Number of protein chains: 2
Amino acid sequence: MSISNPKQALYEQFAAVAKALGNPQRLELVEHLAQGPRSVDALASKLCLPIANVSQHLQAMRRAGLVTSERDGKFINYRLADESVLAAFAAIRAVAERHSAEVERVVRGWFDQRDNMEPVSREELASRMNDGLVTVIDVRPADEFALAHLPGAINLPLSELESRLPALEAGREIVAYCRGPWCVMSFEAVAELRKRGFNARRLEDGLPEWKAAGLDVEASA
Amino acid sequence: MSISNPKQALYEQFAAVAKALGNPQRLELVEHLAQGPRSVDALASKLCLPIANVSQHLQAMRRAGLVTSERDGKFINYRLADESVLAAFAAIRAVAERHSAEVERVVRGWFDQRDNMEPVSREELASRMNDGLVTVIDVRPADEFALAHLPGAINLPLSELESRLPALEAGREIVAYCRGPWCVMSFEAVAELRKRGFNARRLEDGLPEWKAAGLDVEASA
DNA sequence: CCTACATTCAATAATTCCGTTGAATGAACT
DNA sequence: AGTTCATTCAACGGAATTATTGAATGTAGG
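Since this is a predicted model, take the numbers as computed values, not measurements.

1. Points about the protein's contact with DNA strand D
Thought 1: Around DNA strand D lies a shell of 23 residues, among which A:Gln25, A:His57, B:Asp41, B:Ser55 and B:Gln59 are the nearest.
Thought 2: In DNA strand D, the atoms that sit within 4 Å of the protein are 78% sugar and phosphate, with bases accounting for the remainder.
Thought 3: Taking B:Gln59, its side chain carries an N or O atom lying 2.5 Å from a phosphate oxygen of DNA strand D.
Thought 4: One of the backbone nitrogen or oxygen atoms of B:Ile76 is found 3.3 Å away from a phosphate oxygen of DNA strand D.
Thought 5: Only helix H2 (24–33) and helix H4 (51–63) of chain A together with helix H3 (40–47), helix H4 (51–63) and strand S3 (75–80) of chain B provide two or more residues apiece to the surface near DNA strand D.
Thought 6: Its residues assigned to classes, the surface near DNA strand D comprises 7 nonpolar, 10 polar and 6 charged.

2. Section: the nonpolar core
Thought 1: Judged by nonpolar contacts, the single largest core of 83 residues is most densely connected at A:Phe14, A:Leu66, B:Phe14 and B:Leu66.
Thought 2: Top contributing element to this core by residue count: helix H1 (residues 6–21) of chain B, with 9 residues.
Thought 3: Aside from chain neighbours lying at most four places away, what touches A:Leu66 is A:Val17, A:Ala20, A:Leu21, A:Met61, A:Arg79, A:Leu80, A:Ala81, A:Val85 and B:Val95.

3. Some points on the relation of the copies chain B and chain A
Thought 1: Overlaying chain B with chain A gives an RMSD of 0.1 Å, the required rotation being 180° about an axis along which the chain moves by 0.0 Å. The transformation just described matches what one would write down for a two-fold rotation axis.

4. Quick notes on the domain arrangement of chain A
Residue and element names in this part refer to chain A.
Thought 1: The assigned domain composition of chain A is domain 1 (6–84) and domain 2 (102–212).
Thought 2: Just the C-alpha atoms count here: the centres of domain 1 and domain 2 sit 27 Å apart.
Thought 3: Each partner contributes to the interface: domain 1 provides 6 residues, whereas domain 2 provides 11 residues.
Thought 4: Buried area between domain 1 and domain 2, both sides added, is near 720 Å², and the carbon and sulfur share of it is 43%.
Thought 5: A per-residue breakdown of the area domain 1 buries against domain 2 is headed by Glu-31, Gln-35 and Lys-46, which together make up 66% of the total.
Thought 6: Put simply, domain 1 and domain 2 have 3 salt bridges between them.
Thought 7: Note that Glu-144 is salt-bridged to Lys-46, the shortest N-O span being 2.9 Å.
Thought 8: At the surface where domain 1 touches domain 2, the tally comes to 5 residue pairs in polar contact (both at pLDDT 80 or more).

5. Focus on the interface of chain B and chain A
Thought 1: Facing the 48 residues of chain B at the interface are 48 residues of chain A.
Thought 2: Together chain B and chain A conceal approximately 4,100 Å² of surface at their shared face, both sides included; 75% is due to carbon and sulfur atoms.
Thought 3: Contact with chain A buries surface across chain B, with B:Tyr11, B:Phe14 and B:Val95 losing the most and accounting together for 17% of the total.
Thought 4: A salt bridge links A:Arg98 to B:Glu83, with the nearest nitrogen and oxygen atoms 3.3 Å apart.
Thought 5: Linking chain B with chain A are 6 residue pairs in polar contact (both at pLDDT 80 or more), by the criterion used here.

Calculation criteria
Residues numbered from 1 in each chain as written. Chains lettered and ligands numbered in written order. Predicted model: local features only at pLDDT ≥ 70, side-chain atom pairs only at ≥ 80, totals over all residues. Heavy atoms only, no water. Near = heavy atom within 4 Å. Polar contact = N/O pair within 3.5 Å; in protein donor to acceptor, adjacent residues only side chain to side chain. Helix = DSSP H or I, 4+ residues; strand = E, 2+ residues; numbered from the N terminus. Nonpolar A, V, L, I, M, F, W, Y, C, P; charged D, E, K, R; others polar. Core = buried A, V, L, I, M, F, W, Y, C linked by side-chain atoms within 4.5 Å. Buried < 20%, exposed > 50% of the residue type's maximum accessible area, 1.4 Å probe, protein only. Contact = heavy atoms within 4.5 Å. Least-squares fit on C-alpha atoms with pLDDT ≥ 70 in both. Domains from an automatic or database assignment. Buried area = accessible area lost by both parts, 1.4 Å probe. Salt bridge = Lys/Arg side-chain N within 4 Å of Asp/Glu carboxyl O.

Right, here's the structure in full:
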């Protein structure tokens, strides 16, 4: 940790950032924070982890400059430091996608039939939405939906999907999305919907990427 | 390492990639490999590290899918797996640049005067080169220069810079580049040239970024 | 002031990571 | 076959990371 050599000091800074991203739990925290600011407590219950554990991870990420925190009454809200953090996450994901047979394997585990599991791109969805050709469902929990969602999307949390299936118009194309490209909820939703005979596909990305691309989002009152 | 939960399995894959980048020495290896394929031995002597150490780092990176290796006679050449690795490195660098006061501090250590230390962008340099207005110097060691360099650049390794200064036309604008945006050699070169009264600036990026942008490179015979 | 509650801190143990050492492998050359 | 040389392997110790526990801090509200 000596600062003698400036070149080494630089690499250590860069490595510190990568190291802060080098943990599955912290990556999951990033994905949740990409939906919007959250308190330690809220994150802990989403991830089903001890609060102290989450707190420490968040502090580690703060030290590396990934997140910032702000007190709000009794709570402390963490948020992503800036868009570059999400970009870094995406870049790492891209490396993993190209290499890792494991990633492929996981995805295939969801779909026996690999045909037409291709996700819908942002651009494609945006144009279909304009034409009113598609029902967009947001499978995230209601609280995340309330903060921001795609315009016109209906909230159908995974836990309630089965019971609320009758509300969906059969035959109409359905596109499901959730937190991000590898958030498993939309995979599960599409698998479930297909099993029931719906014409369902997945949005390639999640809400954060949609927002980052400068497209409109809606918020509930 | 259990594969029970697919969501967790994904995050672990992603984390593994980030972890492989989360070490200063490995990042330096990435930067060198970005110049072109190298043997373990060549990398070890560039970084001044024990060979076994470098070998292990490279194997860790190979496990994470960052590099691939190929035997060539007695040597084993490692190379970056694909461009996405360099993109991930750049993304991490970007996070560090936004946050880290330390990064700022290091850069300022080189320049007392902060004015006109702004780097030249790729686009700007490309157009000036077309107009023949600028002398481009490549301050990397001769072997790296030989593999690939900017068209028309002259090789002036940092170690020989002082002795070969007379070869430079005074008054003409000089742009120096090296391995990448934070490779310190070009910082040092510019500082030295300025001290001698030359009108010198740094290219914002290094050779790998130039190549990745699809611009032309030259190679020596 | 006292309580409730969100968060952080401190201390611990289990695990993993890192660098070093010296031996083993494997290809090229004599 | 035997030698040389690049690389890898195996094993060790020290350092850092991680999850867990329980206590401490600090804010809000009665």
